[in-house]
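# Observations on the model geometry
Listed here are the chains, written in short residue letters.
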Amino acid sequence: MPDGFGTDHQRIDGRAKVTGGARYASDVVVGNVAHAWLVTSAIARGRITGFEDAEARAVPGVLEVFTHRNMQGAVAETEFFAKGGYVGSTIRPLESDQVWHAGQIVALVVADTLEAAREAAQRLRVRYAEEAPAAGFDAAGVEVVAASDAGFEDAGVGDADSAFAAAAVKVEASYSTPTQHHNPIELFTTTASWAGGKLTLHEGSQFVHGLKHGIAAQLRIDPADVHVVSPFIGGAFGARGSITQRTALVAEAARRLGRPVKLVPTRAQGFTIATYRAETRQQVKLAASRDGRLQALVHEGWEVTSRPDAYKVGGTATTSRIYACPNVRTKVHMVHADRNTPGFMRSPPELPYMFALESAMDELAYALDMDPVQLRRINDTQREPIKGLPYSSRNLVGCLDAGARAFGWERRSPAPRSMRDGEWQVGWGVATSIYPAHIGTATARVTLLPDGRARVQTAAHDVGTGAYTAIGLAAAEGLGLALERIVVELGDSDLPPAPVAGGSNTTASVCNVVIKACEEIRARRAQGQQGAIEVYAENVPEGLPPDSIGKLYQGRNALGGGLEGGKQAMAAFGAIFLEVRVHDRTREVRVPRVLGAFAAGRIVSPRQARSQLTGGLIWGIGAALHEQTEIDPRSARYMNDNMAEYLVPVNADIRQVEVLLLDEQDTQANPLGIKGIGELGNVGTNAALANAVFHATGTRPRDLPVRIEHLMA
Ligand code: MOS
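Model, not experiment: these values are computed from the prediction.

Reading the values: rules and limits
Residues numbered from 1 in each chain as written. Predicted model: local features only at pLDDT ≥ 70, side-chain atom pairs only at ≥ 80, totals over all residues. Heavy atoms only, no water. Helix = DSSP H or I, 4+ residues; strand = E, 2+ residues; numbered from the N terminus. Rg over C-alpha atoms; globule rule 2.2 N^0.38 Å. Buried < 20%, exposed > 50% of the residue type's maximum accessible area, 1.4 Å probe, protein only. Contact = heavy atoms within 4.5 Å. Areas by Shrake-Rupley, 256 points an atom, 1.4 Å probe, with all protein chains shown as cover. Lys, Arg positive; Asp, Glu negative; His and termini not counted. Charge placed at Lys NZ, Arg CZ, Asp CG, Glu CD. Axes fitted to C-alpha atoms, helices over the stretch in contact; angles between N-to-C directions. Parallel < 35°, antiparallel > 145°, perpendicular 65-115°, else oblique. Left-handed = near helix turned anticlockwise from the far one by under 90°. Nonpolar A, V, L, I, M, F, W, Y, C, P; charged D, E, K, R; others polar. Pairing = 2+ DSSP bridges. Phe/Tyr/Trp six-rings, centres within 6.5 Å; stacked < 30°, edge-to-face > 60°. Polar contact = N/O pair within 3.5 Å; in protein donor to acceptor, adjacent residues only side chain to side chain. Expected span 1.5 Å × (residues − 1). Salt bridge = Lys/Arg side-chain N within 4 Å of Asp/Glu carboxyl O. Core = buried A, V, L, I, M, F, W, Y, C linked by side-chain atoms within 4.5 Å. Domains from an automatic or database assignment. Buried area = accessible area lost by both parts, 1.4 Å probe.

Attention shifts here to the overall build of the protein. The helix and strand tally for the protein stands at 17 helices and 31 strands. Taking 2.2 N^0.38 as the reference for a compact globule, 713 residues should give roughly 27 Å; the C-alpha atoms of the protein span a radius of gyration of 26 Å, in line with that estimate. Along the first, second and third principal axes, the C-alpha set of the protein runs to 75 × 75 × 50 Å. Split into buried and exposed, the 713 residues of the protein put 62% on the buried side. Across the protein, every contact between residues at least 6 apart in sequence was considered, and the portion connecting residues at least 24 apart equals 81%. About 25,700 Å² of surface is accessible on the protein, with carbon and sulfur atoms providing 48% of the total. The protein carries 73 positive and 78 negative side-chain charges, and their two centres are separated by 1 Å.

So, in structure tokens, the structure goes:
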């Protein structure tokens, strides 16, 4: 039986994953490997004045202690990813005596055994000249820069301030979202080995071709001499998208020692050697006429970043384009502090910024005495208001309607504190979800074998989302084969390049190119070609330049689609409905049920799609109730850098999670009508939860996470 788009399957890598057959980068055994251990900075700002390393070097088995004293100049300066480069931070540890943030790598100790490396690292004494750090917002010494001064555009149209002043109904409020840290199950490990001048890297990566070229640039070697192997990834969601600093250091250590080197950092070190979600503060002003039509939207954001890097979250690009509104003003500011550089984390712009917008929409609904679902319905639009681009397809209203029906929204009594169950206040909240639909330039090789099996090869990435299965289904569809006859190879820089596994583009980008290759195979079969047929295909989506293929081969992404770029706005939509219970006396918040209704184009692989969206809703609950990195303002150090104190939802926090997938055919977004869903599910859930808490208690949570102490009388 042939399979294809929309057929329900277990993930094809599922068995290997649950039986231990899937080898993650961290699992790979390399012969004669030496082990590295990181020493990270005890101060957040200042200089290293010296090392006492005699005791460290005396530990039996120690091979070398790498510091800036012997590594200076080893790693070339390269551009920040936002400027077209590869790195997620331009801070170069071991380049100088300068300390930019707490937990910066200050030494890499390599030994015959992990234990010896660790012991030596603990015996290394580092002396510092410490300066008082600025940890973040409100600290003396931060530098606030308008994002527009750093080259980013602030979306706007009309005259929002005048319209706000003149409007009949208005709300204005400030919101905040916390620092959050990636805590993937697989730590930020790297194994580097050299043979005949060629470097092999085993490292979990969301962009193997980017890693290959970026490392080559950092180490000043030919990219053809770098091979990145990353078939499975133990958690990504953004943290493995751009290059982190440890990779070049481990590779350089291996080169100098003439021996493979493996680094397995600690979980605490992962908080400062990788990227994380930036803390934000936001201000939203909404004004409407009495019938609920938006007249003005003002959204300003402030985001903490590192001293040298202008990492922009910038969710106003999305919040300015969701609802019909003639007057919009947005502005984003970056607050440079003595911190490591933040970066992508699942729905980087939308998760924090939609929290503020969708909370404000709820506040506006109360100010209008209008149902919050109805407020969103009447401000729906098929054109984004900034440039007037038509949405390629958009069914937010369908999501609101289907979600409301399935949730039983008509049974909600609108007034705050009006629903209860015994000792629990009950609240129901709603919020919009949106994620821009991206598609990138991609290449793939598909081979039809004489025995009726087929192989798909592309350097795309399965970050746990089910990409192997989705891509396998594309080949099954294209060749008319059963999924079990398809072998999919991903995550290796020797394969034809595909884009970063970011911006939820993989399914759209790769399925479109795989289908193209399959069509060519079918054409050749029709012409009578016998035997194995191998076809290499390239796909440049509409609106992207032809030379984006060449760029991709240099490890540079070309992503199109989305809300801002082309002739149309492309996005997937959803509506999140969520129930909370808040206990009368303890004020604990429980979430008995959440429901998301989504319209996200063609659903390629339904079981994995549901799984992604379910996981997204759970993540959204975590983002609203649990996740927060605590920062000591005196030392600019992360305090809860461990899984005991960095809270994420556990089974007991999650009860009923329901996903509705609406049919949506989009013939405009891309030939297959695929929109990404990897990041859609966790957008808006935090606002739905906060809105539900307001409905339950009459207290409006504007600062995440919502904690018991916020709900005490
Ligand atoms: Mo995702 S945060 O775009 O890797």
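Moving on to the packing of helix 6 (residues 208-219) against helix 7 (residues 246-257). For the pair helix 6 and helix 7, the least separation of the axes is 10 Å and the interaxial angle reads 60°. Regarding the angle of helix 6 to helix 7, the classification is oblique. Once helix 6 is placed against helix 7, the crossing between them reads as right-handed. Residues Leu211, Ile215, Gln218 and Leu219 of helix 6 form the contact with helix 7, whose own contacting residues are Thr247, Ala248, Ala251, Glu252 and Arg255. Looking at the contact of helix 6 with helix 7 residue by residue, the class counts come to 5 nonpolar, 2 polar and 2 charged.

This paragraph deals with the sheet that holds strand 14 (residues 261-263). Pairing between the strands of a sheet comes from backbone hydrogen bonds, and it takes one of two forms, parallel or antiparallel. If you walk across this open sheet you meet the 7 strands as 3-5-1-14-11-12-13, and the pairing is mixed. Each edge of the sheet is formed by a strand with only one pairing partner; in this case those strands are strand 3 (62-66) and strand 13 (226-229). The sheet shows a mean angle of 20° between the axes of neighbouring strands, direction not considered. Both strand 1 (residues 34-40) and strand 14 contribute to a ladder of 3 bridges, which runs parallel.

Let us look at the packing of aromatic side chains. Throughout the structure, instances matching the rule amount to 17 aromatic pairs. Ring geometry for Phe232 and Tyr468: centres 5.7 Å apart, planes at 40°, overall tilted. Here Phe232 is found in the loop between strand 13 and helix 7, whereas its partner Tyr468 is found in helix 13 (residues 467-479), with 236 residues between them in sequence. Ring geometry for Phe271 and Tyr638: centres 6.5 Å apart, planes at 50°, overall tilted. Taken together, the positions of Phe271 in helix 8 (residues 267-273) and Tyr638 in strand 30 (residues 637-638) put the pair 367 residues apart, joining distant regions of the chain.

With that out of the way, let us pick up the side chain of Thr458. By the secondary structure assignment, Thr458 is in the loop between strand 23 (454-457) and helix 13. Given the relative accessible area of 0%, Thr458 is considered buried. Within the local environment of Thr458, its side chain forms a polar contact with the backbone oxygen of Thr443, the two atoms lying 2.9 Å apart. When residues no more than four places from it in sequence are discounted, the contact partners of Thr458 are Thr443, Ala444, Glu489, Leu490, Gly491, Leu495, Pro496, Pro497, Ala498 and Val510.

A few words now on helix 7. One turn of an α-helix holds 3.6 residues; hence residues three or four places apart share an orientation. Taking 1.5 Å of rise per residue, 12 residues should cover 16 Å, and helix 7 covers 16 Å from first to last C-alpha, within 8% of that figure. When we look at burial in helix 7, the residues that qualify are Arg246, Thr247, Ala248, Leu249, Val250, Ala251, Glu252, Ala253 and Ala254. Remark: Gly258 follows helix 7 within two positions and exhibits a positive phi of approximately 65°.

Under the criterion given, the structure shown has 43 salt bridges. Notably, a salt bridge pairs Glu358 with Arg376, separated by 2.6 Å at the nearest N-O pair. Highlighted residues: Glu358 in helix 10 (residues 350-368) and Arg376 in helix 11 (residues 372-378), separated in sequence by 18 residues. Judged by relative accessible area, which is 0%, Glu358 ranks as buried. Lys675 is the salt-bridge partner of Asp666, the closest N and O atoms lying 3.8 Å from each other. Accessibility expressed as a relative area gives 3% for Lys675, which makes it buried. Through salt bridges with shared partners, one network takes in Arg45, Glu131, Arg307 and Asp338.

We now examine the pairing of strand 24 (residues 486-489). Side chains of strand 24 alternate between two faces, with Ile486 and Val488 buried and Val487 and Glu489 left unburied. Here strand 23 runs beside strand 24; their pairing, made up of 4 bridges, is parallel. The residue bridging Arg455 from the neighbouring strand is Val487, located in strand 24.

So, about unusual backbone geometry. In the segment running from Leu704 into Pro705, the intervening peptide bond is cis, with an omega of -10°. The phi dihedral of Asn32 falls on the positive side, at around 60°, and the residue is not glycine. Note that Asn32 resides in the loop between helix 1 (14-19) and strand 1. When its relative accessible area of 53% is taken as the criterion, Asn32 is described as exposed. One non-glycine residue with positive phi stands out, namely Asp138, at about 75°.

Counting residues in each nonpolar core, the largest one holds 85 residues, and the members touching the most others are Leu286, Leu364, Phe577, Leu578, Val580 and Leu689. With 42 residues, the next largest nonpolar core counts Val456, Leu481, Val488 and Ile674 among its residues.

Next up on the list: helix 16 (residues 606-625). Helix length check: helix 16, at 20 residues, gives a terminal C-alpha distance of 29 Å against a target of 28 Å (1.5 Å per residue), a fit within 8%. For helix 16, a buried count of 14 out of 20 residues is recorded, marking the element as mostly surrounded by other parts of the structure.

Its location among the elements puts Gly88 in the loop between helix 3 (68-71) and strand 4 (98-99). Separated by 217 residues in sequence, Gly88 and Thr305 place their C-alpha atoms 12 Å apart. In contact with Gly88, not counting residues within four places along its chain, are Phe80, Phe81, Ser242, Ile243, Thr275, Thr341 and Pro342.

Time to look at the domain arrangement of the protein. Interfaces are frequently sized by the accessible area removed from exposure as the parts join. What the domain assignment reports for the protein is domain 1 (14-21 + 438-561), domain 2 (31-131 + 185-236 + 240-273) and domain 3 (147-180 + 277-437 + 567-711). Each of domain 1 and domain 2 was reduced to a C-alpha centroid, and the two centroids are 32 Å apart. With 24 residues of domain 1 at the contact, the number on the domain 2 side is 21 residues. Carbon and sulfur atoms supply 52% of the area buried between domain 1 and domain 2, which totals about 1,700 Å² over both sides.

Strand order across the open sheet formed by 4 strands is 24-23-22-25, with mixed pairing between neighbours. Looking along the sheet, the strands with just one partner apiece sit at the ends: strand 24 and strand 25 (533-539). Taken pair by pair, the neighbouring strands of this sheet meet at an average axis angle of 15°, ignoring direction. Set on the sheet, helix 13 makes contact with strand 22 (442-448), strand 23 and strand 24; between it and strand 24 the angle comes to about 135°.

What follows covers the environment of Arg485. Inspection of the secondary structure assignment puts Arg485 in the loop between helix 13 and strand 24. For the pair Arg485 and Asp3, spaced 482 residues apart in the sequence, the C-alpha separation amounts to 9.9 Å. When residues no more than four places from it in sequence are discounted, the contact partners of Arg485 are Asp451, Gly452, Arg453 and Ala454.

Time to look at the packing of helix 10 against helix 17 (residues 685-697). Running from N to C, helix 10 and helix 17 point in directions that differ by 35°, and their axes come no closer than 8 Å. Here helix 10 and helix 17 pass one another in a crossing that is right-handed. Residues Leu351, Met354, Phe355, Glu358, Ser359, Asp362 and Tyr366 of helix 10 touch helix 17, and the partners they reach there are Asn686, Ala687, Ala690, Asn691, Phe694 and His695.

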